[in-house]
Amino acid sequence: MKGTFHSLRGYNYRTWAAGALVSNVGTWMQRTAQDWLVLTQLTHNNATAVGVVMALQFAPPLLFLPLTGFAADHFDRRKLLLATQAALGALALGLGLLTLSGHIRLWHVDVFAFLLGCVTAFDAPARQTFVSELVGEEDLANAVALNATSFHAARMLGPAIAGVLISAVGSGWMFVLNAASFGAVLCSLSMLRVNELHVRDRTLRTVGGLMEGFVYVWKRPDLVAVLIMFFLIGTFGLNFPIFISTMSVRVFDQGASGYGLLTSIMAIGSVTGALLSARRAQPRIGLLVTGAAVFGAGLTLAALMPVYALFGVTLVIIGVSAQTFTTTANSLVQLSTEPSMRGRVLAILLAIALGGTPLGAPIVGWVADTFGPRQALGVGAAAGFVAALIGLRYRAKAAATSSPG
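In this text the structure is predicted, and so the values were computed from the model without any measurement.

**Concerning the overall build of the protein chain**
In terms of regular secondary structure, the protein chain is built from 17 helices and zero strands. For a compact globule of 405 residues, the expected C-alpha radius of gyration is about 22 Å, and the protein chain comes in at 20 Å, within 12% of that figure. With the principal axes as the frame, the protein chain shows a C-alpha extent of 55 × 50 × 45 Å. The 405 residues of the protein chain split such that 57% are buried.

**What to know about the domain arrangement of the protein chain**
One can read the domain layout of the protein chain as domain 1 (9-199) and domain 2 (208-400). The gap between the C-alpha centroids of domain 1 and domain 2 is 19 Å. Counting from both sides, the interface comprises 48 residues of domain 1 and, opposite them, 56 residues of domain 2. At the surface where domain 1 touches domain 2, the tally comes to zero salt bridges. The tally of links from domain 1 across to domain 2 stands at four residue pairs in polar contact (both at pLDDT 80 or more). Elements with a contribution of two residues or more to the side of domain 1 that touches domain 2: α1 (11-42), α2 (47-58), α3 (60-63), α4 (65-74), α6 (106-134) and α7 (140-169). Take the side of domain 1 that touches domain 2: its biggest share by element is 17 residues, from α7. Of the residues in the side of domain 1 that touches domain 2, the class split is 28 nonpolar, 16 polar and four charged.

**Digging into the confidence of the model for the protein chain**
Here the protein chain averages 85 in pLDDT, and 93% of its residues register 70 or above. For the protein chain, the element scoring lowest by mean pLDDT is helix α15 (residues 342-355), at 74; helix α5 (residues 77-100) scores highest, at 95. In this model, residues 204-208 is a region of pLDDT below 50 whose contacts with residues beyond four sequence positions or in other chains number five contacts.

**Looking at the environment of Leu65**
Mapped onto the elements of the fold, Leu65 is located in helix α4. Through-space distance from the C-alpha of Leu65 to that of Lys219 is 19 Å; in sequence the pair is 154 residues apart. In contact with Leu65, not counting residues within four places along its chain, are Phe214, Ala347, Ile348 and Ala351.

**Some points on α6**
The α-helix winds at 3.6 residues per turn, so residues separated by three or four positions along the chain end up facing the same way. Counted at 1.5 Å a residue, the expected span for α6 with its 29 residues is 42 Å, and the 40 Å between its end C-alpha atoms agrees. At Thr120, α6 shows its strongest bend, of approximately 35 degrees. In terms of burial, α6 is a largely internal element, 21 of the 29 residues being buried.

**Notes on the packing of aromatic side chains**
Under the definition given, this model contains nine aromatic pairs. Site record: aromatic cluster; members linked through ring pairs are Phe240, Phe243 and Phe295. A cation over a ring is seen here: Arg31 above Trp28, with NZ or CZ 4.8 Å from the ring centre. Between the NZ or CZ atom of Arg193 and the centre of the ring of Tyr11, over which it lies, the distance is 3.8 Å.

**Points about the nonpolar core**
Ranked by size, the top nonpolar core spans 108 residues in total, and within it Tyr13, Trp16 and Phe311 carry the most contacts. Sort the elements by how many residues they give to this core and α1 lands first, with twelve residues. Domain assignment of the residues forming this core places at least three in each of domain 1 (9-199) and domain 2 (208-400). Residues in contact with Tyr13, not counting those within four places in the same chain, are Ser7, Leu8, Val131, Leu134, Val135, Ala143, Leu146 and Asn147.

**A short note on unusual backbone geometry**
In this structure, Asn45 takes a positive phi of about 55 degrees despite not being glycine. Structurally, Asn45 is set in the loop between α1 and α2. In this structure Asn45 comes out as partly exposed when scored by relative accessible area, which is 24%.

**A closer look at the environment of Leu140**
If you trace the backbone, Leu140 turns up in helix α7. Classification of Leu140 by relative accessible area gives buried; the value is 1%. C-alpha separation for the pair Leu140 and Pro125, spaced 15 residues apart in sequence, amounts to 15 Å. Those residues in contact with Leu140 that sit more than four places away from it in its chain are Val131, Ser132, Val135, Gln334, Leu335 and Arg342.

**Here we look at the environment of Arg31**
Looking at the element boundaries, Arg31 is found in helix α1. Take Arg31: its relative accessible area is 27%, and that puts it in the partly exposed class. For the pair Arg31 and Phe175, spaced 144 residues apart in sequence, the C-alpha separation works out to 8.9 Å.

**Here's the deal with the packing of helix α10 (residues 221-236) against helix α13 (residues 285-304)**
Where α10 meets α13, the closest approach of the two axes is 12 Å, and the angle between their N-to-C directions is 15 degrees. In this view, α10 runs roughly parallel relative to α13, as classed from their interaxial angle. As α10 packs across α13, the resulting crossing turns out to be left-handed. Residue-level contacts link Val226, Met229 and Ile233 of α10 to Ile285, Leu288, Val289, Ala292 and Phe295 of α13. By residue class, the composition of the contact of α10 with α13 is eight nonpolar, no polar and no charged.

Conventions we followed
- Residues numbered from 1 in each chain as written.
- Predicted model: local features only at pLDDT ≥ 70, side-chain atom pairs only at ≥ 80, totals over all residues.
- Heavy atoms only, no water.
- Helix = DSSP H or I, 4+ residues; strand = E, 2+ residues; numbered from the N terminus.
- Rg over C-alpha atoms; globule rule 2.2 N^0.38 Å.
- Buried < 20%, exposed > 50% of the residue type's maximum accessible area, 1.4 Å probe, protein only.
- Domains from an automatic or database assignment.
- Contact = heavy atoms within 4.5 Å.
- Salt bridge = Lys/Arg side-chain N within 4 Å of Asp/Glu carboxyl O.
- Polar contact = N/O pair within 3.5 Å; in protein donor to acceptor, adjacent residues only side chain to side chain.
- Nonpolar A, V, L, I, M, F, W, Y, C, P; charged D, E, K, R; others polar.
- pLDDT = per-residue confidence, 0-100.
- Expected span 1.5 Å × (residues − 1).
- Bend = angle between axes of the 7 residues up to and from the residue.
- Phe/Tyr/Trp six-rings, centres within 6.5 Å; stacked < 30°, edge-to-face > 60°.
- Lys NZ or Arg CZ within 6 Å of the ring centre and 35° of its normal.
- Core = buried A, V, L, I, M, F, W, Y, C linked by side-chain atoms within 4.5 Å.
- Axes fitted to C-alpha atoms, helices over the stretch in contact; angles between N-to-C directions.
- Parallel < 35°, antiparallel > 145°, perpendicular 65-115°, else oblique.
- Left-handed = near helix turned anticlockwise from the far one by under 90°.

Set out below in structure tokens:
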């Protein structure tokens, strides 16, 4: 894969990537433990409760949307990340200590999920746009894809490790270990060569600047199409904690290690999709459409699989397609947006992708509880197919507009 890892040649990106990988492993350990804690210890296999926790965790990016993008575009991103990463580590430690003490209740998890979402709302746009300060514009698409590779490589390790450790020592230690993992990314941020960052002049801090991102997107039909597609897939399709946990427990009668293994198997596909994206010089809307269509097909196959092993195979397909879609959308938005607007536009993308979860996760969880996990997968599949149709419609309109006469 010649050129796949060329962003790692730079000291700053290499340092950041090392710290982020350790932190990402801890994050996936916590996510696995949190879902398992809610599904099997605090409730009796209640998928709706898992959906509510997800909704609370992913609602803040939508609630604070104007402010988060504004902060990413106007404040020192490195200092902002030092603050948000430290806060995320403190929240993980608090949840861990509460769980280890034996006093954890479902409403505690709900509160911590919401607080985690509040911090993440400011962390995510800053973290995504910070990549453009670590590398030049020519390496941006590759760096975005490698970021996704790191995230999903951790997705292979984190859940598998968590699945084994939950059975051995319990969920509480996963939260404590995640808190410790934030030390790695804080160290990497402190070790960066600040004078080598690609920092551009900050935009003037005006009240009107909060809404400029919405106005900018509204005038760009290509961005509107991408955001609508992302809303559909993010709201109804990217509910993997519900899909995998309910299929694992209810359909295939697996324990914590079996659930963790399935999550790691899907991450194999995600890493593959991210690495393939890293090899592409420029993202294209056509690839976005293909990713959405294959995503819908993968969820359809998963819903039909009769045994655990075959279900695991379909998760690889889902992982490749989901990562192809999300990485392409991220790169497409960043590269086609003016640098001065990048933080606000990316905040809108992240808010739509993550903020749709408060709507979709409880619905998908209710479908899983009422009609079964396979039917819940069908909801996600339908979202993928509809998103693909919207992308095709945009391409047809764009071709008609650009054609002579």
